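One letter stands for each residue in the lines below.
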Amino acid sequence: MVSRRGLLGGAAAVATAVLSGCGVGRKRLVAATEEAAAGVEGVSDVALERSDGANFERLLHGTVSLETADRTTGLAVFDEAMRAIVTVVHAELDDQEARSLRVGGVAGVLDGGEVLTPMDLDPDMSIPNPRLDRVTAGSFYEKYGLS
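This is a predicted model, so every value here is computed, not measured. (Residues numbered from 1 in each chain as written. Predicted model: local features only at pLDDT ≥ 70, side-chain atom pairs only at ≥ 80, totals over all residues. Heavy atoms only, no water.)

1. Here we look at the side chain of T117
By the secondary structure assignment, T117 is in the loop between β4 (115-116) and α4 (118-121). Those residues in contact with T117 that lie beyond four places of it in its chain are F78, V106 and L132. (Helix = DSSP H or I, 4+ residues; strand = E, 2+ residues; numbered from the N terminus. Contact = heavy atoms within 4.5 Å.)

Right, here's the structure in full:
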């Protein structure tokens, strides 16, 4: 016969192990996306973080610092950085999780301080009610040739 305390303790241990494993995966994904974006010419620094949103959606957010103050050049560099980030997300996560990962919180910051958002990269994004908090990695799949 199994005691209730033993059963609850075992369930807590399993939950702890599962949740702590998620932290390792998060760190690995963040490190890989930061490395990929930092490898883009014109990027001076990358600081990303992965978290859970209020409705349990997965978020990737942070900044990609750009070496230029020129908006046109900055958009081109930020676009390449986002391509690198989304490509890593596509490669590292299973299809459903990758497509649904919210990336609208990743911002490009020009040398002069102006902030660029993923909406600046594709204003005609085909998502319902386009808002930054609804921009997913999957929103960029067609643009970047991913499937």
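Picking up after the structure, the text goes on.
2. Let's talk about the nonpolar core
In this structure, L60, V64, M82, I85, V89, V103 and V106 are the most contacted members of the largest nonpolar core, which totals 34 residues. Of all elements in the fold, only α1 (4-38), β1 (43-52), β2 (58-66), α2 (71-92), β3 (102-109), α4 and α5 (141-144) reach the threshold of two or more residues within this core. Sorting elements by how many residues they give to this core places α2 first, with nine residues. Here M82 is in contact with V103, V106, P118, L121, F140 and Y144, once residues within four sequence places are set aside. (Core = buried A, V, L, I, M, F, W, Y, C linked by side-chain atoms within 4.5 Å. Buried < 20%, exposed > 50% of the residue type's maximum accessible area, 1.4 Å probe, protein only.)

3. Quick notes on the packing of aromatic side chains
What the rule picks out here adds up to one aromatic pair. Judged by centre distance (5.5 Å) and plane angle (10°), the ring pair of F140 and Y144 falls under stacked. The two residues F140 and Y144 agree in class, both being buried. (Phe/Tyr/Trp six-rings, centres within 6.5 Å; stacked < 30°, edge-to-face > 60°.)

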